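So you can see what is in the structure, the chains are spelled out below.
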Amino acid sequence: MTRTTVESESKTVTIGFEEPFCVIGERINPTGRKKLAAELEAGDFSTVERDAIEQAACGAMVLDVNAGVVYNSNPNPNETEPPLMRRMIELVQGLVDTPLCIDSSVPGALEAGLEVAKGRPLVNSVTGEEDRLELVLPLVKKYNVPVVAISNDDTGISEDPDVRFAVAKKIVERASDFGIPAADIVVDPLLMPVGAMATAGRQVFTLVRRLKEELGVNTTCGASNVSFGLPNRHGINAAFLPMAIASGMTSAIMNPVRPGEMEAIRAANFLMNHDANGATWIGFSRVLDGLKEGASFAEASKAAQDAGGGRGGRRRRRG
């Protein structure tokens, strides 16, 4: 079965159909976070530091790093984003040993991150647009890294799941032309908000099964998209994630500091037989006990890890 390997300097995470669901922490991203964007423009990285440490403690197996700040002083991201990405990558990997996902729509920022990233980061992302394919796939090949493939192209985002599947297939085939194996493509089938499209969840479940069975690729999504605009969003997210896992989804870009969502993933891993002897689920029960005693999720998670109650990814000895 397909296995996608993502690495830091000292830790290896495998995304795969027979592996525990891979949680990619979404918090280091200034999109929609005005305070963080202002801090980054001012050279203040305190929130980035806190988010990196907290997400890793709560069970994120990979950390997404996005430097997409539109500077008031210079609105050109091609100039401002590459040096900011480089600095953020260096900072985060100096704080935690969690593998990284370099997230940008600016090719120069992707390469700046790849130049300083240790191990084998995930690149987020490439689309089916011709110019993106020609710019990003050579970088993926050059640095021998896996990439998130988003199922939209020059025509935009289609509401037709068959069209989104066709775009994913096109990206996989084009990647092959560059010598990039399907194992290094993690497809994002584009999860729509269920409040705007009632069939959004069912569409993605069907697409994920097709992507697994017909293309043999791993998958991911922005999990919180499903609940956008709705009340009690975390309840919807917590219901969506196990259903996606049962359909064959192997990772998600999400907020790992939410106990409800993480509990749902831990339970789904156990039920899918991706948690040997329920060891991680039993360890997670200690986290829940800590929450009942008044600890924060990060504090309770760290205490459980220190007590040997969880695992964050496979470690690999280097010669």
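The structure we're discussing is the one just above.
Residues numbered from 1 in each chain as written. Predicted model: local features only at pLDDT ≥ 70, side-chain atom pairs only at ≥ 80, totals over all residues. Heavy atoms only, no water.

1. Points about the environment of M61
No. 1: Considering the arrangement of structural elements, one finds M61 in the loop between α2 (46-58) and β4 (62-66).
No. 2: Once the C-alpha coordinates of M61 and A117 are considered, the two residues, 56 residues apart in sequence, prove to be 16 Å apart. (Helix = DSSP H or I, 4+ residues; strand = E, 2+ residues; numbered from the N terminus.)

2. Observations concerning the sheet that holds strand β9 (residues 218-219)
No. 1: In spatial order, the strands read β9-β8-β7-β6-β5-β4-β3-β10; together these 8 strands make up an open sheet with parallel pairing. The sheet is open, and its two borders are formed by β9 and β10 (251-254), each paired with just one other strand.
No. 2: Its contacts with the sheet put α2 on β3 (22-28) and β4, and the angle it makes with β3 is roughly 160°. (Pairing = 2+ DSSP bridges. Contact = heavy atoms within 4.5 Å. Axes fitted to C-alpha atoms, helices over the stretch in contact; angles between N-to-C directions.)

3. Re empty space enclosed by the protein
No. 1: Tallied over the entire structure, the rule returns 1 cavity of 30 Å³ or more.
No. 2: Its boundaries defined by the atoms lining it, the largest cavity holds a volume of some 30 Å³.
No. 3: Taken together, E7, S8, Q93, T98, P99, L100, A117, K118 and P121 make up the lining of the largest cavity.
No. 4: Classifying every residue of the lining of the largest cavity gives 4 nonpolar, 3 polar and 2 charged. (1 Å grid on protein atoms, 1.4 Å probe; cavity = no way out; pocket = protein on both sides within 12 Å on 5 of 7 lines; lining within 4 Å. Points joined across faces, edges and corners; volume = space filled by probe spheres on them. Nonpolar A, V, L, I, M, F, W, Y, C, P; charged D, E, K, R; others polar.)

4. A word on the nonpolar core
No. 1: Ranked by size, the top nonpolar core spans 51 residues in total, and within it M88 and V92 carry the most contacts.
No. 2: With 6 residues, helix α6 (residues 161-177) is the largest single contributor of residues to this core.
No. 3: Apart from residues lying up to four places away in sequence, V92 is in contact with I28, V48, A52, L63, V65 and L100.
No. 4: Judged by nonpolar contacts, the second largest core, of 28 residues, contains F205, A244, I245 and M262. (Core = buried A, V, L, I, M, F, W, Y, C linked by side-chain atoms within 4.5 Å. Buried < 20%, exposed > 50% of the residue type's maximum accessible area, 1.4 Å probe, protein only.)

5. Describing the side chain of S125
No. 1: In this fold, S125 is placed in strand β6 (residues 122-127).
No. 2: Reaching out from S125, the side chain makes a polar contact with the side chain of N124 at a distance of 3.5 Å.
No. 3: In this structure S125 touches S104, L110, R132, V136, V147, V148 and I150, once residues within four positions along its chain are discounted. (Polar contact = N/O pair within 3.5 Å; in protein donor to acceptor, adjacent residues only side chain to side chain.)

6. Considering the environment of D131
No. 1: Topologically, D131 is positioned in helix α5 (residues 130-143).
No. 2: Between the C-alpha atoms of D131 and D154, which are 23 residues apart in sequence, the distance is 9.1 Å.

7. Concerning the packing of aromatic side chains
No. 1: Under the counting rule described, the total for this entry stands at 3 aromatic pairs.
No. 2: Considering the side-chain rings of F205 and F240, the 5.7 Å spacing of their centres and the 20° angle between planes classify their relative orientation as stacked. Placement of F205 in helix α7 (residues 200-215) and of F240 in helix α8 (residues 233-247) is noted, with a sequence separation of 35 residues between them. The pair F205 / F240 is uniform in exposure class, with both members buried.
No. 3: With 6.2 Å between their ring centres and 80° between their planes, F284 and F297 make a pair best called edge-to-face. On the criterion of sequence distance, the pair formed by F284 in helix α10 (residues 279-292) and F297 in helix α11 (residues 297-306) is long-range, its members being 13 residues apart. Taken individually, F284 and F297 each receive the classification buried, so the pair is uniform in this respect.
No. 4: Three or more aromatic residues link up through ring pairs in this structure, and these residues are W281, F284 and F297.
No. 5: A cation sits over an aromatic face here: R210 above F165, 3.8 Å from the ring centre. (Phe/Tyr/Trp six-rings, centres within 6.5 Å; stacked < 30°, edge-to-face > 60°. Lys NZ or Arg CZ within 6 Å of the ring centre and 35° of its normal.)

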